[in-house]
Structures are given as structure tokens and as C-alpha cells.
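Listed below, chain by chain, are the residues.
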Amino acid sequence: MQEFLLVIHRDLTSANPAPSPEEMKEALKPYQEWVAGIAAQDKLVAPPKRWDVDGRVIKHEKKKDHVYNGPYAEGKESIGGLFLIKAKDYDEAVEIAKGCPIIKYGAIVEVRMAITAA
């Protein structure tokens, strides 16, 4: 089994966020059940955590480090949550990620496989 990072991106900052606060309330119980289902299959490595919308981005430009406010200066999507799961391969991890109920309201789930350090 490999470890995969699931990152849930959603619009948390615009005037009309997607999912809306009402949609998030509607999706909360299905989301909790989805995560519980992953845990029941012994595929949850680290539970979901929520993150603030502020953040900082450090970028090295012109021989100097620059710090920018917010993780996505140009966009409206922020990290709404992330957690680790176990799956045999990308296909299985993607199938698990497709079950995220927040996707139907406009969230995006990114899947990344952990690689061992060389």
C-alpha cells in the first residue's frame, strides 16, 4: 500500500464562494460519513485537518526571497482540508477521492502519492 495526500481545494474567499455556506452545511454529514468509510476500511492514515484561508507564499526572485499573502494571489481557491490515505495505486486513490461529496458543489480534490526519500 502507498500513502496518498488528498487536498480539498475550494473557494473560501470570494463574494459568492463555491460551495456556499449552505451547501457546506448540507455536505457536512455526507463528508463525515465518507471519511468514516475510509477509516472503516483501514485506509485513513491521518485524519482531515482544516486550514486557514490566509497563508503565505515564499518565492525566491531576483536573488531575494519575497513573501506574499495568501496561498493563491491570483485565484480564489484555498485549501479547505487535507489528509492522508492508503491505497494500492493511483487508480484506487482516485476512486476514493471521487467519493468526496463536496465535489458536486464545486470543490476540487487533488491526489498526490507520497514518494520515499532517496
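The rules behind the values
Residues numbered from 1 in each chain as written. Predicted model: local features only at pLDDT ≥ 70, side-chain atom pairs only at ≥ 80, totals over all residues. Heavy atoms only, no water. Phe/Tyr/Trp six-rings, centres within 6.5 Å; stacked < 30°, edge-to-face > 60°. Helix = DSSP H or I, 4+ residues; strand = E, 2+ residues; numbered from the N terminus. Buried < 20%, exposed > 50% of the residue type's maximum accessible area, 1.4 Å probe, protein only. Patch = residues over 30% accessible without salt bridge, like charges linked within 9 Å, V, L, I, M, F, W, Y side chains within 5 Å. Areas by Shrake-Rupley, 256 points an atom, 1.4 Å probe, with all protein chains shown as cover. Salt bridge = Lys/Arg side-chain N within 4 Å of Asp/Glu carboxyl O.

In the annotation of an unreviewed UniProt entry, the chain is listed under the name YciI family protein and assigned to Chitinophaga filiformis.

Caption draft 1: Layout of the packing of aromatic side chains. If you walk through the whole model with that rule in mind, you get 3 aromatic pairs. Ring plane angle 70° and centroid distance 5.2 Å describe the contact between Phe4 and Tyr90, whose orientation is recorded as edge-to-face. Of this pair, Phe4 sits in strand E1 (residues 2-11) while Tyr90 sits in helix H2 (residues 90-98), and the two are 86 residues apart along the sequence. On the accessibility criterion, Tyr90 (38% relative accessible area) is partly exposed. With 5.7 Å between their ring centres and 75° between their planes, Trp34 and Phe83 make a pair best called edge-to-face. Of this pair, Trp34 sits in helix H1 (residues 21-40) while Phe83 sits in strand E5 (residues 77-87), and the two are 49 residues apart along the sequence.

Caption draft 2: Summary view of a nonpolar patch on the surface. Where nonpolar side chains cluster on the molecular surface, the patch consists of Tyr90, Val94, Met113 and Ile115 and spans about 370 Å² of accessible area. Here Met113 shows up in strand E6 (residues 108-113). The exposure class assigned to Met113 is partly exposed, which follows from its relative accessible area of 33%.

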